[in-house]
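# Remarks on the overall topology
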Amino acid sequence: MRRTEPLRRLVRETRLEPGQMVLPVFVCPGEGVRRAIGSMPGVANLSVDEAVKEAETAAELGLGGLLLFGLPEAKDEVASGAWDANGIVQTALRALRGTAAARKLVLMADVCLCEYTSHGHCGVVEKRGEEFTVANDASVDLLARTAVSLAEAGADVVAPSDMMDGRVAAMRRALDAAKLVETPILSYAAKFASAFYGPFREAADSAPQFGDRRSYQMDGANTREAMREIALDLGEGADMILMKPGMPYLDVLREARERFEIPLGVYQVSGEYSMLQAAFERGWLEPERAMMESLIGLRRAGADFIVTYFAKDAARLL
Ligand code: PBG
């Protein structure tokens with residue numbers, strides 16, 4: 001049964017299609033800007049006009065969609081750039097919206113404050129003497145505002161990645177109140193505090209200036225808690241769930257697949273991509289085979305779709 005490729009293809013249990021992959025896009029100010037990200041070969045910060053070209057490429061390759069992140073002109077304590085109607089991602093969405101490419105793609109907007117706060121945390125920071133804490137409820141209000149503003153600008157899906165409690169319910173309420181009843185919420189329900197987000201923080205310029213994210217992102221040792229987070233978000237109205245990171249958490253992904261009858265995505269994060277790229281540069285791994293194996297592993301573990309920086313390369317190969 002393994003003798004020839006047609007035989008192997010006939011009995012293959014798991015498949016990967018371009019439409020199951022979502023490409024992250026980092027939008028920055030300017031025109032004609034394509035600024036390479038040192039720690040992520042092949043990935044760049046793109047100005048709005050370049051992001052439109054990227055969408056055309058993605059559509060030609062048959063990708064499932066784009067996940068948009070923004071690098072604002074300026075940052076402040078309350079992340080004004082995140083919920084500004086003329087924010088960087090809102091501007092990109094408006095530019096994309098009318099295009100033929102956009103009609104073939106799902107335009108997802110990441111909802112988080114970390115790219116927009118001066119301190120780099122995913123919510124509003126409150127000082128308590130020498131200590132600081134990320135204020136959950138104040139952050140949730142701003143996140144809900146951000147989600148509405150992104151949906152109004154043309155996002156097909158909003159994807160909260162901040163990990164505050166109660167944000168999905170608040171977003172659903174705010175979207176409905178703004179008559180955006182058809183905008184689904186893709187919740188990063190089980191997002192672990194991970195060293196594998198390192199290169200992303202260069203790409204999105206969002207490294208926390210003090211402390212770390214362990215007071216709001218999950219402890220990597222906890223599977224049961226991850227299932228509880230998913231159940232809570234579904235109860236609050238999440239339409240789809242995103243698990244993250246991928247490779248170090250395949251068992252958690254499998255567990256979620258078995259427990260929940262919902263569309264389930266996984267994010268193959270920046271560090272997973274960069275470590276493979278580093279090995280490719282040294283000639284230590286075969287690029288095409290290692291890339292495809294890393295992706296099929298995520299599908300086999302139970303992901304319906306994969307957010308991945310390899311989306312274009314993998315689609316070309318397919
Ligand atoms: C925003 C966010 C992060 C990622 C996705 N959304 C960074 C973080 O939580 O530090 C990471 C994605 C990646 O590493 O590719 N909160």
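Everything below is about the structure shown above.
A few points on the structure.

Reading the values: rules and limits
Residues numbered from 1 in each chain as written. Predicted model: local features only at pLDDT ≥ 70, side-chain atom pairs only at ≥ 80, totals over all residues. Heavy atoms only, no water. Helix = DSSP H or I, 4+ residues; strand = E, 2+ residues; numbered from the N terminus. Rg over C-alpha atoms; globule rule 2.2 N^0.38 Å. Buried < 20%, exposed > 50% of the residue type's maximum accessible area, 1.4 Å probe, protein only. Lys, Arg positive; Asp, Glu negative; His and termini not counted. Charge placed at Lys NZ, Arg CZ, Asp CG, Glu CD. Patch = residues over 30% accessible without salt bridge, like charges linked within 9 Å, V, L, I, M, F, W, Y side chains within 5 Å. Areas by Shrake-Rupley, 256 points an atom, 1.4 Å probe, with all protein chains shown as cover. Salt bridge = Lys/Arg side-chain N within 4 Å of Asp/Glu carboxyl O. Contact = heavy atoms within 4.5 Å. Phe/Tyr/Trp six-rings, centres within 6.5 Å; stacked < 30°, edge-to-face > 60°. Lys NZ or Arg CZ within 6 Å of the ring centre and 35° of its normal. 1 Å grid on protein atoms, 1.4 Å probe; cavity = no way out; pocket = protein on both sides within 12 Å on 5 of 7 lines; lining within 4 Å. Points joined across faces, edges and corners; volume = space filled by probe spheres on them. Nonpolar A, V, L, I, M, F, W, Y, C, P; charged D, E, K, R; others polar. Expected span 1.5 Å × (residues − 1). Disulfide = S-S within 2.5 Å. Near = heavy atom within 4 Å. Polar contact = N/O pair within 3.5 Å; in protein donor to acceptor, adjacent residues only side chain to side chain. Pairing = 2+ DSSP bridges.

A few words on the overall build of the protein. Looking only at helices and strands, the protein has 13 helices and twelve strands in total. A compact globule built from 318 residues would reach a C-alpha radius of gyration of about 20 Å, and the protein, at 19 Å, matches this within 12%. By principal-axis analysis of the C-alpha atoms, the protein measures approximately 65 × 45 × 40 Å. Relative to its full complement of 318 residues, the protein shows a buried share of 56%. In the protein, 37 positive and 46 negative side-chain charges are present, and the distance between their average locations comes to 6 Å.

A word on a nonpolar patch on the surface. A surface patch of nonpolar side chains, amounting to about 350 Å² of accessible area, comprises M1, L10 and V11. Taking the relative accessible area as the measure of exposure, M1 reaches 65% and is therefore exposed.

With that settled, consider the environment of S294. Looking at the secondary structure, you find S294 in helix α12 (residues 287-301). Separated by 48 residues in the primary sequence, S294 and G246 have C-alpha atoms spaced 9.2 Å apart. Beyond its immediate chain neighbours, meaning those up to four positions away, S294 contacts Q268, L276 and F310.

Moving on: the packing of aromatic side chains. The relation between two aromatic rings is expressed through the spacing of the ring centres and the mutual angle of the planes. Evaluation of the coordinates by the stated rule reveals eleven aromatic pairs. Judged by centre distance (6.2 Å) and plane angle (10 degrees), the ring pair of F26 and Y309 falls under stacked. Residue F26 is located in strand β1 (residues 21-28), and its partner Y309 is located in the loop between β12 (305-308) and α13 (311-317); the two are separated by 283 residues in the primary sequence. Since its relative accessible area comes to 1%, F26 is described here as buried. Look at Y273 and Y309: their rings are 5.6 Å apart centre to centre, the planes differ by 55 degrees, and that puts the pair in the tilted class. Within this pair, whereas Y273 is found in helix α11 (residues 270-281), its partner Y309 is found in the loop between β12 and α13, the two being separated by 36 residues in sequence. Taken together, the aromatic side chains of F26, F69, Y188, F200, Y267, Y273, F280, Y309 and F310 make up a single cluster linked through ring pairs. Its end group placed over the ring of Y197, K191 keeps NZ or CZ at 5.4 Å from the ring centre. It is K244 that lies over the ring of Y197; its NZ or CZ is 4.7 Å from the centre.

The next point concerns the layout of surface pockets. In this structure, the largest pocket occupies an estimated 510 Å³ of space. Going through the elements one at a time, α1 (5-10) and α12 are the ones with two or more residues in the lining of the largest pocket. Here the element with the most residues in the lining of the largest pocket is α12; it accounts for five residues. Of the residues contributing to the lining of the largest pocket, the split by class is four nonpolar, one polar and eight charged.

Helical geometry: 3.6 residues make up each α-helical turn, so side chains three or four residues apart lie on a common side. In a regular helix each residue adds 1.5 Å, so 18 residues correspond to 26 Å; helix α6 (residues 136-153) covers 26 Å between its end C-alpha atoms and thus fits that length. Among the residues of α6, those classed as buried are S139, V140, L142, L143, A144, T146, A147, V148, S149, L150, A151 and A153. Positive backbone phi, approximately 125 degrees, marks G154, located one or two places after α6.

What follows concerns the state of the cysteines. What the rule picks out here adds up to zero disulfides. Among the cysteines around C112, which has no disulfide bond, C122 carries the closest sulfur, lying 3.6 Å off. Owing to a relative accessible area of 2%, C112 belongs among the buried residues under this scheme.

Bringing the site of the ligand into the picture now. As a structural note, the neighbourhood of the ligand is formed by 18 residues, with K191, R201, K244, S270 and Y309 the closest of them. A distance of 3.4 Å separates a nitrogen atom of the ligand from a polar side-chain atom of S161. Taking Y309, its side chain carries an N or O atom lying 2.6 Å from an oxygen atom of the ligand. For the ligand, whose accessible area on its own is 400 Å², the fraction buried by protein is 100%.

With that settled, consider the environment of M247. Its location among the elements puts M247 in the loop between β10 (240-244) and α10 (250-259). Considering only alpha carbons, one finds M247 and L113, 134 residues apart in sequence, at a separation of 26 Å. Setting aside its immediate chain neighbours within four residues, M247 contacts E272, M275 and L298.

Burial within strand β4 (residues 65-70) is extensive, with six of its six residues counted as buried. Two strands pair when backbone bridges link them, and β1 and β4 are joined in this way by six bridges, in the parallel orientation. Pairing of L23 across the sheet is with L66, part of β4. Sheet analysis places β4 next to strand β5 (residues 106-111), joined by four bridges and oriented parallel.

In this fold, T99 is placed in the loop between α4 (88-97) and α5 (100-103). Within the structure, T99 has its side chain in polar contact with the backbone oxygen of L96 (distance 2.7 Å).

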